[in-house]
Amino acid sequence: MPRRFPIRAKLTVGALAPLFVAFFICSLTGLYIIDAKITSQAQEKVRTDLNSAREAYRNELHHINELLELTADNPFAAISISSGNRPSISSLLTPLLHKKHLDILTAVDKEGRVLFRAHNPARFGDTPVNTYFIDQALRGKTVTGTTVLSPEQLAAEKDELTAQARIDVVTTPHSRPRQSSVERAGMVMVSAAPVLDSAGRVAGALYCAELLNNNNDLVDKIKDTVYEGVKFKGQDVGTATLFLGDTRIATNVHASNGRRAIGTQLSAEVYNRVILENRKWVGRAFVVNDWYLTAYEPIVGLRGEVIGSLYVGMLEKQYSALKNNVNTILVVVLFISSLIGLAVSGVIGTHLATPIKELEQLTRRVTLGERNLHIDVRSADELGDLAGGFNQMTRALAHRESEITMLNRSLEQKVLKRTAQLEEKNALLLETQADLAKAEKLADLGVIAAGVAHEINNPLAVIRGNIEFLEMCLPPDHANREEVGIISQQVERIAKIVGNLQVFARQKKLHQGQVNIHDLLDGILGQIGHQVPMDAIAVVREYASDLAMIRGDGDQLRQVFTNLILNAVQAMGGKGVLTLATKGVAPLDGCEVSISDTGPGIGPGQLKKIFTPFFTTKDTGSGLGLSISYGIIKDHGGDIKVSSVEGKGTTFKVTIP
Ligand code: ADP
């Protein structure tokens, strides 16, 4: 048998399964959307941050340029430079150093020869080579931007700059191979402006620069401006870096030792994209020792060549944490919603399953035999229909059963009736069979009796004749006359027996006629007194008033009733009550005659034998009276029955159709 799975659970599962599938899909979609949204927003922010950083960088350049131009435009500057007056150039340039930290501040004449270096006054008169910005300024153009200066150029401007510019390159597995492990060149923000005389001719030029190597002021300023010092778990969320080529020269990204990660390198991938291809890079990147959402853009030199890059990045961790938080909230909300869904579907399941359970229990009770069960039809749906159907079914069942019970009862009664009829018929059959056997026996006996009577009759007639002759011949006083008399008596007796035998053999045919039973009985009673004493016998007549005449042989019927009355009187020993009763028998239109006495009755042993020929309990009886009577009544199509109670009396009932 399959495992039982209650309908309530099925309903709950049925309701929850799509819910959970929907929840699952929603969760995945939600998580995916949240992840994508947060990531894209973070990347958008980094892109914006990069714009801000670029602005800060440009501001710095602009600021340097402004200061320089202000000084270059000073008419006093043109005079001093034109005249090569170094003390007056010094007095012009030195206040500038107080306004702004500048690593290089130099004045050149119109030939490009150095007139005065603010940080290295002792060195002058040389002509710096490979200085595009000086060339441009001497051509009357103001140039501001980023450029790279060689260690020698730096050393010429200011001794300390060599050391400041030196960076030990830290190679990492992601970095590209490089020849030197030390960076000595310096990336500088530079501005150069022509100094024009009153006629507008170029009298010389001024240039200033700020070395960016190991100068973290700018990157920190960018970080502070863009990220406003926001921290995540004690770590700065935002970082900014300046690269010279592939090397970090100024940064607030920290290495694992806690120091600024100066000298670490760009990954080859970013280098190729930003430095070589001169394109922006926005994306997720592993920076020094952590994952960042980063944006890089090339820093282009004065002649349009890419010399380094500007980087901003945000710790990915904080976004991961944000994502995790949002995801956790989403999962918790979905989980709680699932629980609520579970509870709600449980309640709905219970609500739906209750009538089903009730139906199931009622069905079980119906199976066990209960009827007249009713379930309330509560809902207008299939369950309601089911309950209605159940109620209809139990009603129909009860009705059908009561019909069956009634049918059963009538069937039982019919069976009982038929059985009784059958038993009656059986008894009748047995009786008929017995009668038939008896009749056959009697018939056989009759044949014998007739033969015997015939054979005895002739010698008996001879004996009778001779006895009569002998009696006549003997004188009245003869000594043997008594013996002859006895012989004569016995011969008469034999003759009587032979007569009876002949009657028994029924050689007599029925002479049918109309017989009045009452007259017949009264006639017998009138004559019987001659045969037996009737003085002490009380005769009771219970004759039916409306008894019709019957058809039959009057002589033979007289013999029957004589026998029966004689037997009754003899049984009572001449004293008692003899009751003769008659009544009509409707179906046969005949009559029933009963002859009752108050004699000693007949014992059960004898009762079976009394109709047997020659059965007698009397000394002088022939035992043929009842068997002859039986034969006559049977010839009339009737019946004789006897009932007897010992010590009380006997009743013979004769029925004649
Ligand atoms: P019989 O009268 O010659 O004896 P039956 O055939 O008339 O022959 O009777 C047979 C026997 O039935 C009787 O001997 C008697 O024992 C018994 N019998 C008949 N009628 C009665 C009766 N009314 N009461 C008691 N016994 C009876």
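Everything numeric here is computed off the predicted structure, so don't read it as measured data.

Parameters and conventions
Residues numbered from 1 in each chain as written. Predicted model: local features only at pLDDT ≥ 70, side-chain atom pairs only at ≥ 80, totals over all residues. Heavy atoms only, no water. Helix = DSSP H or I, 4+ residues; strand = E, 2+ residues; numbered from the N terminus. Expected span 1.5 Å × (residues − 1). Bend = angle between axes of the 7 residues up to and from the residue. Pairing = 2+ DSSP bridges. Axes fitted to C-alpha atoms, helices over the stretch in contact; angles between N-to-C directions. Contact = heavy atoms within 4.5 Å. Near = heavy atom within 4 Å. Polar contact = N/O pair within 3.5 Å; in protein donor to acceptor, adjacent residues only side chain to side chain. Areas by Shrake-Rupley, 256 points an atom, 1.4 Å probe, with all protein chains shown as cover. Phe/Tyr/Trp six-rings, centres within 6.5 Å; stacked < 30°, edge-to-face > 60°. Buried < 20%, exposed > 50% of the residue type's maximum accessible area, 1.4 Å probe, protein only. Core = buried A, V, L, I, M, F, W, Y, C linked by side-chain atoms within 4.5 Å. Parallel < 35°, antiparallel > 145°, perpendicular 65-115°, else oblique. Left-handed = near helix turned anticlockwise from the far one by under 90°. Nonpolar A, V, L, I, M, F, W, Y, C, P; charged D, E, K, R; others polar. Salt bridge = Lys/Arg side-chain N within 4 Å of Asp/Glu carboxyl O.

A.B. asks: Help me get a handle on helix H9 (residues 316-367), residues and values and all.
C.D. replies: Along its 52 residues, H9 runs 71 Å from first to last C-alpha, staying within 8% of the 76 Å computed at 1.5 Å per residue. Residue Ala353 marks the point of greatest curvature in H9, where the axis turns by about 30°; the proline Pro355 follows within four residues. At the exit of H9 stands Gly369, carrying a positive phi of roughly 115°.

A.B. asks: I'd love a proper account of the sheet that holds strand E14 (residues 306-315), names of residues and values included.
C.D. replies: Pairing is antiparallel across the open sheet formed by five strands, whose spatial order is E11-E10-E14-E13-E12. The outermost strands of the open sheet, each flanked by one partner alone, are strand E11 (247-251) and strand E12 (281-287). The sheet shows a mean angle of 35° between the axes of neighbouring strands, direction not considered. Bridging between E12 and strand E13 (residues 290-300) involves seven bridges; their strand directions are antiparallel. Pairing of Val287 across the sheet is with Asp290, part of E13. Those strands touched by helix H1 (residues 7-72) are strand E10 (238-244), E12, E13 and E14, and its axis lies near 130° from that of E14. The strands touched by helix H7 (residues 217-227) within the sheet are E10, E11 and E14, with E10 carrying the most contacts at an inclination of about 145°.

A.B. asks: Explain the site of the ligand to me, and be specific about the residues and the numbers.
C.D. replies: Every one of the 16 residues lining the ligand counts as a neighbour, but Thr616, Thr617, Lys618, Ser622 and Leu626 are closest to it. Interatomic distance of 3.0 Å between a side-chain N/O atom of Asn567 and an oxygen atom of the ligand. Take Lys618: an N or O atom from its side chain is 2.7 Å from an oxygen atom of the ligand. Calculation on the ligand without its partners gives an accessible area of 530 Å², and the protein chains cover 92% of this total.

A.B. asks: Let's hear about the packing of aromatic side chains: which residues, and what values?
C.D. replies: This model, assessed by the stated rule, comprises five aromatic pairs. Pairing Phe286 with Trp291 gives two aromatic rings, centres 5.3 Å apart and planes at 75°, and the pair type is edge-to-face. A centroid spacing of 5.0 Å and a plane angle of 45° characterise the contact between Tyr296 and Tyr311, whose relative ring orientation is tilted. Taken together, the positions of Tyr296 in strand E13 and Tyr311 in strand E14 put the pair 15 residues apart, joining distant regions of the chain. For the pair shown, Tyr296 and Tyr311 are each scored as buried. Taken together through their ring pairs, the aromatic side chains of Phe243, Tyr296 and Tyr311 make up a single cluster.

A.B. asks: Can you break down the nonpolar core residue by residue, with the values?
C.D. replies: Ile222, Leu242 and Val312 are the most contacted members of the largest nonpolar core, which totals 54 residues. For this core, the element with the highest residue contribution is H1, accounting for 13 residues. Among all residues touching Leu242, those that are not within four sequence positions of it are Tyr57, Met187, Leu212, Leu218, Val219, Thr247, Arg248, Ile249, Ala250, Ile299, Ser309 and Leu310. Within the second largest apolar cluster, 49 residues are counted, among which are Val515, Ile524, Val593 and Ile602.

A.B. asks: Outline the sheet that holds strand E21 (residues 649-656), supporting the account with residue identities and numerical values.
C.D. replies: Sheet strands pair via backbone hydrogen bonds, and the direction of the pair is either parallel or antiparallel. Read across the open sheet, the five strands follow the order E16-E18-E19-E21-E20; overall the sheet is mixed. In this open sheet, the two strands that pair with only one neighbour each are strand E16 (536-542) and strand E20 (639-645). The average undirected angle you get between the axes of adjacent strands in this sheet is 15°. The pairing of strand E18 (residues 575-585) with strand E19 (residues 590-596) spans seven bridges and is antiparallel. Paired with Thr582 across the bridge in E19 is Val593. Contacts from helix H12 (residues 517-528) reach E16, E18, E19 and E21 within the one sheet, and its direction differs from that of E18 by about 165°.

A.B. asks: Requested: an account of unusual backbone geometry, with residues and values cited.
C.D. replies: Phi at Asn214 takes a positive value of approximately 55°, unusual for a residue other than glycine. When you line up the elements, Asn214 lands in the loop between strand E7 (202-211) and H7. What makes Asn214 partly exposed here is its relative accessible area of 32%.

A.B. asks: Got a sec to walk through the pairing of E13? Specific residues and values, please.
C.D. replies: Taken across its 11 residues, E13 has nine buried, putting it largely inside the fold. Between the end of E12 and the start of E13, which pair antiparallel, lie two residues, with Val288 showing a positive phi angle near 60°. The hairpin formed by E13 and E14 contains five residues between the paired strands, and Gly304 there has a positive phi angle of roughly 85°.

A.B. asks: Explain the side chain of Asn563 residue by residue, including any values.
C.D. replies: Structurally, Asn563 can be placed in helix H13 (residues 554-571). At 3.1 Å, the side chain of Asn563 and the side chain of Ser629 are in polar contact.

A.B. asks: Give me helix H11 (residues 481-504): which residues, what numbers.
C.D. replies: With 24 residues, H11 extends 34 Å from end C-alpha to end C-alpha; this agrees with the ideal 34 Å at 1.5 Å per step. Here H11 has its buried residues at Val484, Ser488, Val491, Ala495, Val498, Leu501, Val503 and Phe504.

A.B. asks: Outline the packing of H1 against H9, listing residues and values.
C.D. replies: Here H1 crosses H9 at 165°, and the two axes come no closer than 9 Å. It follows that H1 is roughly antiparallel to H9 by the angle criterion. Here the hand of the crossing between H1 and H9 comes out right-handed. Taken together, the residues of the contact of H1 with H9 break down into 20 nonpolar, 12 polar and four charged.

A.B. asks: Would you mind going over the pattern of salt bridges in detail, with residue names and values included?
C.D. replies: Within the structure shown, the criterion is met by 28 salt bridges. Notably, a salt bridge pairs Glu55 with Arg58, separated by 3.8 Å at the nearest N-O pair. Of the two residues, Glu55 and Arg58 are both situated in helix H1; the distance of three residues between them amounts to about one turn of the helix. Exposure remark for Glu55: the relative accessible area of 40% places this residue in the partly exposed category. A single network of salt bridges, built from pairs that share partners, joins Glu60, Lys100, Glu210 and Lys221.

A.B. asks: Tell me about the pairing of strand E3 (residues 143-149), and please be specific about residues and values.
C.D. replies: Summarising burial for E3: five of the seven residues are buried, a large majority. Inspection of the sheet shows E3 paired to strand E6 (residues 186-196) by seven bridges, in the antiparallel sense. Looking across to E6, one finds that Thr144 is bridged to Ser191.

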